[in-house]
Amino acid sequence: MAAVWSFVLMNYIEPDYMSQMMEVNREKMIEAQPDMTESQLNAAEEMTAKFSSPLIVVAFSLIGNLFFGLIISLIVGLIMKNKNPMQG
């Protein structure tokens, strides 16, 4: 559901969402590294732009949710494990 919501948000509800996030990230980079050159900032923005298309975000969201769901289900399975199935 989170992946579908992200896709709808970035494509239909707020189409300029990613450009707003890019601007926020640029400001944070400038604050964190004030001595960065303009070319370094542009290179970082280009790399971020490659991974910020809506389909890539949805894919990473799905993969991340599946991974954490697996981990959580394994932990819950270990906690709830019944050692002797005949004891109920």
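Engineer: Which parts of the structure should I look at to understand the overall build of the protein?
Structural biologist: Scanning the protein from terminus to terminus reveals four helices and zero strands. Going residue by residue from the N terminus, the α and β elements of the protein occur as α-α-α-α. Here the protein has a C-alpha radius of gyration of 21 Å; the compact-globule value for 88 residues is 12 Å, and the former is much larger. Expressed as a percentage of the 88 residues in the protein, the buried residues total 12%. For the protein, contacts bridging at least 24 residues in sequence account for 42% of all contacts bridging at least 6. Of the roughly 7200 Å² of accessible surface on the protein, a fraction of 68% belongs to carbon and sulfur atoms. Across the protein, the 5 positively charged side chains and the 9 negatively charged ones have centroids separated by 23 Å.

Engineer: Just to check I follow, could you spell out the packing of aromatic side chains for this structure?
Structural biologist: Pairs of aromatic rings are described using the distance from one ring centre to the other and the angle between the two planes. Under the definition given, this model contains three aromatic pairs. Centroid distance Phe 51 to Phe 60: 6.3 Å. Interplanar angle 45°. Geometry classified as tilted. Using a relative accessible area of 47% as the deciding quantity, one classes Phe 51 as partly exposed. A ring pair is formed by Phe 67 and Phe 68, whose centres lie 5.4 Å apart and whose planes are at 70°; its orientation type is edge-to-face.

Engineer: Help me understand the pattern of salt bridges in this model?
Structural biologist: Note on pairing: side chains with opposite charge can pair once their charged atoms come close. Inspection of the entire model under this criterion finds two salt bridges. One salt bridge connects Arg 26 with Glu 45, and the closest N-O pair in it is separated by 2.9 Å. Placement of the pair is Arg 26 in helix H2 (residues 17-32) and Glu 45 in helix H3 (residues 38-50), with a sequence separation of 19 residues. Judged by relative accessible area, which is 15%, Arg 26 ranks as buried.

Calculation notes
- Along each chain, the written sequence defines residue order, and numbers are assigned to residues from 1.
- Local features in this predicted model are restricted to residues whose pLDDT is 70 or higher, and side-chain atom pairs enter the listing and the counts only when it is 80 or higher, whereas totals over whole chains, interfaces and linings include all residues.
- With hydrogens and water stripped out, all remaining heavy atoms of the structure feed into the side-chain values.
- To qualify as a helix, a DSSP run of H or I must reach at least 4 residues; to qualify as a strand, a run of E must reach at least 2; elements of each kind are numbered from the N terminus.
- In this setup the radius of gyration rests on C-alpha atoms only. A globule is expected at 2.2 Å times the number of residues raised to 0.38.
- Note on exposure labels: buried denotes an accessible area under 20% of the residue type's maximum, exposed denotes more than 50%, and partly exposed covers the range between, all computed with a 1.4 Å probe on protein chains only.
- Note on contacts: a residue pair is in contact if any heavy atoms of the two residues lie within 4.5 Å.
- The Shrake-Rupley method, run with a 1.4 Å probe, gives the accessible areas here. Residue values count only the displayed protein chains as cover.
- All tallies of charge rest on Lys and Arg as positive and Asp and Glu as negative; His and the ends of each chain are not included.
- Working definition for charges: the position is that of NZ of Lys, CZ of Arg, CG of Asp or CD of Glu.
- A pair of Phe, Tyr and Trp rings is counted when the ring centres sit within 6.5 Å of each other, with Trp represented by its six-membered ring. The angle between the planes then sorts it: under 30 degrees is stacked, over 60 is edge-to-face, the rest tilted.
- By definition here, a salt bridge exists when the distance from a side-chain nitrogen of Lys or Arg to a carboxyl oxygen of Asp or Glu is within 4 Å.

In short, shape yes, function no, at least from these values alone.
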